[in-house]
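For reference, the chains in residue letters:
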Amino acid sequence: MIDVKGLRTRKGSDDWLELAINSNKDTVDQLKELKPIIKFFYNKYERLLRNQVSEPQTSAVLAHSAMLKSYYTSPPKDLGIQIKARRENDELSQCPFCGRPGYPRILDHFLPKNRWPEYSLLKNNLVNQCSACSSKKGESYFCIKNSSPKFIHPIYSSVLSKLELEFSINIPNPLDIKQFEISLEIKIPPHYSVKTQKRVKLHIQSLEIRKYAIEHAERTYLEWIKKSLLRRVDILDMLKNNIILNDKLHNNDWTICLQKAMSQHPILIRHFKEHLP
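Residues numbered from 1 in each chain as written. Predicted model: local features only at pLDDT ≥ 70, side-chain atom pairs only at ≥ 80, totals over all residues. Heavy atoms only, no water.

## Observations regarding the environment of Lys198
Item 1. Mapped onto the elements of the fold, Lys198 is located in helix α6 (residues 194–206).
Item 2. Separated by 52 residues in sequence, Lys198 and Asn146 place their C-alpha atoms 9.1 Å apart. (Helix = DSSP H or I, 4+ residues; strand = E, 2+ residues; numbered from the N terminus.)

Here it is as structure tokens:
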């Protein structure tokens, strides 16, 4: 997971709200009337995130839900350009929620807009996310059983970026490297408080990060084995160079962490050396 705290705008930022109010949509007058209330909730947003023991109260503007959400789902032109730019942020090379490699093109409302429509246009409530995390997170937010939010907000906390991933590869038969098992240990920094560690574990569990990371690792592993059998390049050298080139991603990038495990595995090292060009 990468640190995306740099995406956070100043507290109470309402430039998207202003774009909506200055548009020519036929519900602008209603939105103008609600502006003071929405601004009030914008200023409470960070306090809501800090409240980790109870679910936020039911929205006070649910009666206006359809109208408020329409400015996000069917935005006026200028606002639509801003939303699209945030969604298609090419600086993000992995999902901020789980670390899945690739460009996360789904904008998630951290506080779901169907339940808290007042935050439909709050920039800091919109976080890029991969499709797997989107399907898992959905409209959920709070876990009553654990008395805690299920997810960590990547824009407000960098704790996810400090996690370390360590893949282990088990190859029972050295003569058949296509038969293998991959396991994953997600290491949480020991200096984190007990409360923070519990929240991180709930986040990992709720999004099934371990499951998806292992599935990705299994596919990637087989891709590298297939390349090695073609004898066109020095795979071991490629793995090591990729690790060096992406040195800042060593700790928790799914692909790099797997490549590190492969480049250090004695059975795979021997295989790659036996299948040089």
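## Considering the nonpolar core
Item 1. Core analysis: the largest hydrophobic core is formed by 81 residues, its most contacted members being Leu31, Tyr119, Phe167, Ile169, Tyr221, Met262 and Leu268.
Item 2. Looking at this core, the element that brings in the most residues is helix α2 (residues 28–50), giving 9 residues.
Item 3. Beyond its immediate sequence surroundings of up to four residues, Tyr221 is in contact with Ile169, Ile171, Ile177, Phe180, Ile182, Leu258, Met262 and Leu268. (Core = buried A, V, L, I, M, F, W, Y, C linked by side-chain atoms within 4.5 Å. Buried < 20%, exposed > 50% of the residue type's maximum accessible area, 1.4 Å probe, protein only. Contact = heavy atoms within 4.5 Å.)

## Overview of the pattern of salt bridges
Item 1. Here the structure, examined in full by the defined rule, presents 7 salt bridges.
Item 2. Across the pair Lys35 and Glu18 runs a salt bridge whose closest N-O atoms are separated by 2.5 Å. Taken together, the residues span a long stretch of sequence, with Lys35 in helix α2 and Glu18 in helix α1 (residues 15–21) at a distance of 17 residues.
Item 3. Judged by relative accessible area, Lys35 falls into the partly exposed class, the value being 27%.
Item 4. Across the pair Asp108 and Lys137 runs a salt bridge whose closest N-O atoms are separated by 3.2 Å. Here Asp108, found in strand β1 (residues 106–109), pairs with Lys137, found in helix α5 (residues 131–137); they are 29 residues apart in sequence, far enough to count as distant.
Item 5. Residue Lys137 is classed as buried on the basis of its relative accessible area, which comes to 1%.
Item 6. Residues participating in the shared-partner salt-bridge network are Lys136, Glu208 and Lys211. (Salt bridge = Lys/Arg side-chain N within 4 Å of Asp/Glu carboxyl O.)

## A word on the side chain of Gln129
Item 1. Following the sequence through the fold, Gln129 ends up in strand β2 (residues 126–129).
Item 2. Within the structure, Gln129 has its side chain in polar contact with the backbone nitrogen of Ser134 (distance 3.2 Å).
Item 3. Every residue in contact with Gln129, bar those within four places of it in the chain, is listed here: Cys95, Phe97, Pro104, Arg105, Ile106, Asp108, Ser134 and Lys137. (Polar contact = N/O pair within 3.5 Å; in protein donor to acceptor, adjacent residues only side chain to side chain.)

## Side note on the environment of Ile186
Item 1. Within the fold, Ile186 resides in strand β6 (residues 181–187).
Item 2. C-alpha separation for the pair Ile186 and Glu166, spaced 20 residues apart in sequence, amounts to 6.5 Å.
Item 3. Non-local contacts of Ile186, meaning those with residues more than four positions away in its chain, are made with Leu163, Glu164, Leu165, Ile204, Ile209 and Arg210.

## Concerning the packing of aromatic side chains
Item 1. Using the criterion set out here, one finds 7 aromatic pairs in the structure.
Item 2. Between Tyr45 and Tyr156, the aromatic rings sit 5.9 Å apart at their centres with planes inclined by 55 degrees, giving tilted as the arrangement. You can see Tyr45 sitting in helix α2 and its partner Tyr156 sitting in the loop between β4 (148–149) and β5 (164–170), a full 111 residues away along the chain.
Item 3. Between Phe97 and Phe110, the aromatic rings sit 6.4 Å apart at their centres with planes inclined by 20 degrees, giving stacked as the arrangement. (Phe/Tyr/Trp six-rings, centres within 6.5 Å; stacked < 30°, edge-to-face > 60°.)

## Focus: the packing of helix α8 (residues 235–245) against helix α10 (residues 266–274)
Item 1. Between α8 and α10, the shortest axis-to-axis distance is 8 Å and the interhelical angle comes to 125 degrees. In this view, α8 runs oblique relative to α10, as classed from their interaxial angle. From α8, Ile235, Leu236 and Leu239 reach across to α10, where they touch Ile269, Phe272 and Lys273. (Axes fitted to C-alpha atoms, helices over the stretch in contact; angles between N-to-C directions. Parallel < 35°, antiparallel > 145°, perpendicular 65-115°, else oblique.)

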